[in-house]
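Residue-level structural notes
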Amino acid sequence: MDKKVLCSAIDSVRVLSVEAIEKAKSGHPGMPLGAAPVAVSLYGEHMKHNPADPSFFDRDRFVLSAGHASSMLYSVLHLCGYGIAKEDLASFRQLRSKLPGHPERGVTPGVETSTGPLGQGIGNAVGMALSEKILAARFNRDGFNVIDHYTYALCGDGCMMEGLSYEAASLAGAWKLGKLILIYDRNNITIEGGVGGVFDEDVGARFAAQGWQVLDVADGEDTDAFGAAVTLAKSDTERPSLIIVHTVIGRGTSKAGSESSHGAPLGEACIADMKEAMGWKQPPFTALPLTAEYGKEVGERGAKAQAEWNKLMRAYKAAYPELHAELTARIKGKFANVTEDEDFWAAAPKGNAATRAHSGAVLNWLADNRMPELVGGSADLGPSNMSIMKSRGYYSALTPAETNLHFGVRELAMASISNGIAIHGGLRPYCATFFVFSDYFKGSVRMSALMDLPVLYILSHDSIGVGEDGPTHQPVEQLAMLRTLPNMRVFRPCDGLETAAAYAYWSANKHPVAVVTSRQKLTSPEGTNAEGALKGGYVLSDSDKPVPDVILMGSGSEVYLLIEAKKILAEKGIDARVVSMPCLDEFDVQKASYKESVLPDAVRARVAVEAGSSVCWYKYVGLDGVTVCKDDFGLSAPAGVLFEINRFTSQDVAAAAMTTIRKAGKR
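A few points on the structure. Everything numeric in this text was worked out from a predicted model, so none of it was measured.

1. A look at the overall build of the protein
Each helix and strand in the protein was counted, giving 26 helices and 18 strands. Relative to a compact globule of 667 residues, whose C-alpha radius of gyration would be 26 Å, the protein shows 28 Å and is just as compact. Expressed along its principal axes, the backbone C-alpha trace of the protein runs to roughly 90 × 60 × 45 Å. Of the contacts made within the protein by residues no fewer than 6 positions apart, 76% connect residues no fewer than 24 positions apart. With an accessible surface of roughly 24,600 Å², the protein has 52% of that area assigned to carbon and sulfur atoms. In the protein, 67 positive and 77 negative side-chain charges are present, and the distance between their average locations comes to 4 Å.

Here is the structure:
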C-alpha cells in the first residue's frame, strides 16, 4: 500500500479514536494512539478480509484481546468500509450504539468476539486457530485448500499478566498452531503506572519456551518492520508466532508514556495540541481525504479474495461433492438437532447408573451417529467425567483431523478456547471438568453466556456425593453460580433419559448448556419424561387428588428420594406430587400456564430438595415452603454417610413435607 495512504489512515485512526472517546467522556485513548500503525497496517496490508461480507468464511480472524482499545478497532473498521458511519463514531459508548465500550460480537460489523476481561481474546484466538487447523485437515485436498486463513490477536501488557495467557499459549505451542499470530503491544504501562517491579519477566523467552516463534519490532511506528515480522510469522508453519511491538502509550500527546492516557479522555486542550502538532484541519469525525484510497484498496482486495475462494469452492464441489456438501452445511451452522430424532431417544441410556456414565453414553452415541462436527475434551479428567469420544483419536500436530482434545489442567483456557471454536464456526465444542472446578473457568463461561454461544459444559462429581475427596472437591454453591448467568441452561438430570434431554436441548443450538452429573450410581425413578425435561421441569409422579397436599421438587440424585418420600407420606394419608426439575433456567421461561400446571399456586405446601445451595429454590417454595439443601461445606467421608447426616434421606424429605403442610395450614 502507498505509504502516504497508509500514514493518512494511521493519523486518521488516531484522531477519530480520541474524538470518539472525548465525546463519550469515557474510554481508553492510550493504546489507540500507540498501536494505530499496527492495526491499520494489519487490516490494510496483511489480512484477508472483505468489508462487504464480514461473514466470508475463509477470512482471516482478528481478535482485539485488549478490548479497551475498541475505539481504535472501530475507527479502522470505519476506514475499511464495514458499514460504520461518522455518526456511529460520534455515538461511541452510548445507549444502543453500534459501537459499545468494549467489542461485542453481533453488535458491530467486523467484530469477531466480545472481549473485555483481559486475556480472554488470546484463548478465543487459540480456539479459532485450532478450528482452522482441524477443518483444514478434514476438508482440504490437493489443489483445494478451501480452509486456509490466519488468526491474529492484539493484546497488551495486562493480557500477558493474566494466567489465561499462559494456559492458552502453552496449548497453542503444543498444538503447533502455525497460523496463529499474537501481536503484543508492549508499552509497559498499566492503569497504576509502569510495569517495572510487577511484570519484569522476559515474555519472549516465556513464549519461546512454550514452542512459539518470537519476533521483535523495536519501533511500533515502523510499518515496514512490522510487515516483515508478519511475513516471517507466516513462513513458520510449525509454530505460532508472537510479534512483540514496542510502542508508546498516548503517543503524540503531552500525556505520552504516562498512565494518565490509559483509561480516561485526554481533554479538549490536549487533543487540540495533538491536532496542531499533526497539522490536522479536518472537521470532527472526518478522516483525511487520502483514506478513501485505503478503504478502496482494502475493499477491492477483499472482494477479489472472496471471489477466488468462491471459484475454488465451485471446483471443489465438482471434484468432491460430498465433502463440499458437508462443509457448506457446517459453514451455515446446519448441525444435527436430535430433539425429534426417534433413533436418538430410543438409544437413551436406561437403568441405574451414575449420570456421568449416562452422559458418556449419550456423548458417544452422538459422536458415532449424528455429529461428526463434535470436538472437545476435558481438563485432564476425561476418564473420570466420561467425556472421551471412544471411536475417535486425539488431536495433535501429527493427527490434526482428530477431535478429542487434551486440554491438560487448564480449566480457564479450556473454556475460552471452546468459545473461540464456537465463534469460528464449522465445529461444535464441548469441554469437561469436575463441577467444583467450574470456579476456575467462571470468567470464560460468563463470556459463553454473554455471547450466547452453544458451548457444552460437561461437569461431573456434582455434590457431596463426591464423598471421600472432601469439601475441597464437593460443589455446593456452584449450581447457584451457573444458574444466575443469563442465557445459561444448567441441567442436573436424574437418569439417562433426562441426561439425553440435556444433550438434545444443546443440539438445538440455543444457548450454552451445562450438564451436571453425579459421581455415584443413582437409582433411576420411573416415569421420567423427555418432553417435560426439555421444558426444564415436569410432574414426575402426580397425586391422586385434583389438588395435592404437598409438592416435592428437586433435581438429579435427589429425585429418587422424592419418590420414596411420597410413599412414606401416602402411608400417613398425605397425597404428594413429585416434580423433577432438571433445568430451572428453562422452566422459568416456559409459559405461565405450563408453570401453573406443574406448580399450581393453590398448593403452598412445597419442599425443594437438592444437595447444593438453597438459594435457587426459594422462588418456588415461597413463604410456607421448606428446603432440604446444603448451605455449608461438606466433609471427608463416604457419600452415603454424608447424605444421611445432611438430611438427604426419604424420611427427612417426608418430615420436611409435614413441616411445610403445617406452615401452610396456619395461614
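2. Points about the side chain of Lys133
Position of Lys133 relative to the elements: it lies in helix α5 (residues 120-139). For Lys133, which is buried and forms no salt bridge, the nearest opposite charge comes from Glu238, at a distance of 6.3 Å. A distance of 3.5 Å separates a polar side-chain atom of Lys133 from the backbone oxygen of Trp175. Discounting chain neighbours no more than four positions away, the residues touching Lys133 are Trp175, Lys176, Leu177, Tyr395, Ala397 and Pro400.

3. Quick look at the sheet that holds strand β13 (residues 513-516)
Read across the open sheet, the 6 strands follow the order β9-β8-β10-β11-β13-β12; overall the sheet is parallel. Each end of this open sheet is capped by a strand with a single partner; those strands are β9 (404-406) and β12 (489-491). On average, adjacent strands in this sheet sit at an angle of 20 degrees to one another, irrespective of strand direction. Sheet topology places strand β8 (residues 374-378) next to β9; 3 bridges connect them, and they run parallel. Looking at the pairing, Ser378 lines up with His406 of β9.

4. Brief notes about the packing of aromatic side chains
For the structure shown, the criterion picks out 20 aromatic pairs. These aromatic residues form a ring-pair network of at least three members: Phe587, Tyr594, Trp617 and Tyr620. Sitting over the ring of Phe57, Arg61 keeps its end group 5.2 Å from the ring centre. Between Arg138 and the ring centre of Phe139, over which it is positioned, the NZ or CZ distance is 5.2 Å.

5. A short note on the packing of helix α11 (residues 291-319) against helix α12 (residues 321-331)
Their axes nearest at 6 Å, the elements α11 and α12 cross at an angle of 135 degrees. With respect to α12, the element α11 is oriented oblique. Counting all contacts with α11, which are made through Trp309, Met313, Tyr316, Lys317, Ala318 and Ala319, the residues of α12 involved are Pro321, Leu323, His324, Leu327, Thr328 and Ile331. Of the residues assigned to the contact of α11 with α12, the class counts are 9 nonpolar, 2 polar and 1 charged.

6. Some details on the nonpolar core
Ile243, Tyr294 and Tyr457 are the most contacted members of the largest nonpolar core, which has 126 residues in total. In terms of residue count, α5 provides more of this core than any other element does, 10 residues in total. With sequence-adjacent residues up to four places away left out, Ile243 is seen in contact with Ile181, Leu182, Ile183, Tyr184, Leu215, Val217, Phe226, Ala229, Val230 and Ala233. Within the second largest apolar cluster, 78 residues are counted, among which are Val513, Tyr538, Leu599 and Val603.

7. Describing the environment of Arg410
By secondary structure assignment, the location of Arg410 is in the loop between β9 and α16 (411-424). Accessibility expressed as a relative area gives 21% for Arg410, which makes it partly exposed. Taking the C-alpha atoms as reference, Arg410 lies 9.8 Å from Thr433; in sequence the two are 23 residues apart. Within the local environment of Arg410, its side chain forms a polar contact with the backbone oxygen of Phe407, the two atoms lying 2.9 Å apart.

8. What about the sheet that holds strand β17 (residues 606-609)?
Here 5 strands make up an open sheet; going across it, the order is β14-β16-β15-β17-β18 and the pairing mixed. Strands at the two margins of the open sheet, each flanked by one partner only, are β14 (538-541) and β18 (626-628). Going from strand to strand, the sheet's axes swing by 30 degrees on average, the running direction of each strand aside. Two strands pair when backbone bridges link them, and β14 and strand β16 (residues 576-580) are joined in this way by 3 bridges, in the antiparallel orientation. Opposite Val539, over in β16, you have Val579 as the bridge partner.

9. Concerning helix α17 (residues 442-451)
All of the buried residues along α17 are Ser444, Val445, Met447, Ser448, Ala449 and Met451. Here the buried face of α17 lies against α5, α16, β11 (456-460) and α18 (478-483). Positive phi shows up at Asp452, right after α17, with a value of about 55 degrees.

10. Thoughts on a nonpolar patch on the surface
Residues Leu635, Val641 and Ile645 make up a contiguous nonpolar surface patch of roughly 280 Å² in combined accessible area. By secondary structure assignment, the location of Ile645 is in helix α25 (residues 639-645).

11. Looking at the packing of helix α2 (residues 30-46) against α11
It is the contact of α2 with α11, at a shortest axis distance of 9 Å, that shows an interaxial angle of 45 degrees. Judged by the inter-axis angle, α2 sits oblique to α11. Contacts from Val40, Tyr43, Gly44 and Glu45 in α2 reach Tyr294, Val298 and Arg301 in α11. Counted by class, the contact of α2 with α11 contains 4 nonpolar, 1 polar and 2 charged residues.

12. What to know about the pairing of strand β10 (residues 428-434)
Walk down a regular strand and you will see the side chains alternate between the two sheet faces. With 7 of 7 residues buried, β10 lies mostly within the body of the structure. With α17 bridging β10 and its parallel neighbour β11, the resulting β-α-β unit is right-handed.

13. Some thoughts on the pattern of salt bridges
A side chain with one charge can pair with a side chain of the opposite charge if their charged atoms come near. All told, the structure shown has 30 salt bridges when counted by the stated rule. Between Arg239 and Asp236 there is a salt bridge whose closest N-O contact spans 2.7 Å. The class for Asp236 is buried, based on a relative accessible area of 12%. For Lys567, the salt bridge identified is with Glu564, shortest N-O distance 3.1 Å. Pair noted here: Lys567 and Glu564 are both in helix α21 (residues 559-571), with a separation of 3 residues, about one helical turn. For Glu564, a relative accessible area of 22% gives the class partly exposed. One network of salt bridges, with partners in common, ties together Asp462, Arg483, Arg492, Glu558 and Glu610.

Criteria and thresholds
- Residues numbered from 1 in each chain as written.
- Predicted model: local features only at pLDDT ≥ 70, side-chain atom pairs only at ≥ 80, totals over all residues.
- Heavy atoms only, no water.
- Helix = DSSP H or I, 4+ residues; strand = E, 2+ residues; numbered from the N terminus.
- Rg over C-alpha atoms; globule rule 2.2 N^0.38 Å.
- Contact = heavy atoms within 4.5 Å.
- Areas by Shrake-Rupley, 256 points an atom, 1.4 Å probe, with all protein chains shown as cover.
- Lys, Arg positive; Asp, Glu negative; His and termini not counted.
- Charge placed at Lys NZ, Arg CZ, Asp CG, Glu CD.
- Buried < 20%, exposed > 50% of the residue type's maximum accessible area, 1.4 Å probe, protein only.
- Salt bridge = Lys/Arg side-chain N within 4 Å of Asp/Glu carboxyl O.
- Polar contact = N/O pair within 3.5 Å; in protein donor to acceptor, adjacent residues only side chain to side chain.
- Pairing = 2+ DSSP bridges.
- Axes fitted to C-alpha atoms, helices over the stretch in contact; angles between N-to-C directions.
- Phe/Tyr/Trp six-rings, centres within 6.5 Å; stacked < 30°, edge-to-face > 60°.
- Lys NZ or Arg CZ within 6 Å of the ring centre and 35° of its normal.
- Parallel < 35°, antiparallel > 145°, perpendicular 65-115°, else oblique.
- Nonpolar A, V, L, I, M, F, W, Y, C, P; charged D, E, K, R; others polar.
- Core = buried A, V, L, I, M, F, W, Y, C linked by side-chain atoms within 4.5 Å.
- Patch = residues over 30% accessible without salt bridge, like charges linked within 9 Å, V, L, I, M, F, W, Y side chains within 5 Å.
- Right-handed = clockwise from strand over helix to strand, strands pointing away.

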